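One letter stands for each residue in the lines below.
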Amino acid sequence: MAFATLGVFALVEFGWPYLLDALGFDRAGPRGLVDLTLRHYTGYWFPPLLLAALFFGPRRALGALGLTGNPARAVAVGLLGTVPMFLGYALHGQLSASPRCGLPGSTSNGA
């Protein structure tokens, strides 16, 4: 399953934009934003769901991908994993009024 999913991701990364261009997705204006969002994210959730449905059956596809768990628990685990990074930045970082401080090529010194 993992190799099939990785193969599909490779196809999506390199072939999906061409397919959607051929289908006439727009790139300009407000509708273009919706089209680009669909274009970007659909290619990453649809193929794994399709493969899981083919391998495990449509009723067990979400469970096979681990998508039947508790979303609150997933968010809690994510927060627990990022709290140390947040604390490290809070303790060792510097506050600045410049929005570009520390960026490469920035002309501001961060003060």
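As the structure is a computational prediction, the values presented were derived from the model and not from experiment.

Reading the values: the criteria
Residues numbered from 1 in each chain as written. Predicted model: local features only at pLDDT ≥ 70, side-chain atom pairs only at ≥ 80, totals over all residues. Heavy atoms only, no water. Helix = DSSP H or I, 4+ residues; strand = E, 2+ residues; numbered from the N terminus. Buried < 20%, exposed > 50% of the residue type's maximum accessible area, 1.4 Å probe, protein only. Contact = heavy atoms within 4.5 Å. Areas by Shrake-Rupley, 256 points an atom, 1.4 Å probe, with all protein chains shown as cover. Patch = residues over 30% accessible without salt bridge, like charges linked within 9 Å, V, L, I, M, F, W, Y side chains within 5 Å. Salt bridge = Lys/Arg side-chain N within 4 Å of Asp/Glu carboxyl O. Phe/Tyr/Trp six-rings, centres within 6.5 Å; stacked < 30°, edge-to-face > 60°.

Asks: When you look at the overall build of the chain in this model, what are you seeing that I'm missing?
Replies: Scanning the chain from terminus to terminus reveals four helices and zero strands. The linear arrangement of helices and strands in the chain, starting from the amino end, is α-α-α-α. Split into buried and exposed, the 111 residues of the chain put 16% on the buried side. Here the contacts in the chain between residues at least 6 apart in sequence split such that 43% fall between residues at least 24 apart. A total accessible area of about 9,000 Å² is found for the chain, and carbon and sulfur atoms account for 70% of it.

Asks: Which parts of the structure should I look at to understand a nonpolar patch on the surface?
Replies: On the surface, a nonpolar cluster with roughly 580 Å² of combined accessible area is contributed by Y41, W45, F46, L50 and L54. Inspection of the secondary structure assignment puts Y41 in helix α2 (residues 29–56).

Asks: Would you explain the packing of aromatic side chains in this entry?
Replies: The description of an aromatic ring pair uses the distance of the two centres, along with the angle that the planes make with each other. In the structure shown here, the tally under the stated rule is one aromatic pair. Seen from their ring centres, W45 and F46 are 6.1 Å apart, and the 85° between their planes marks the pair as edge-to-face. Judged by its relative accessible area of 47%, W45 is partly exposed. Taking relative accessible area as the criterion, F46 reaches 39% and is therefore assigned partly exposed.

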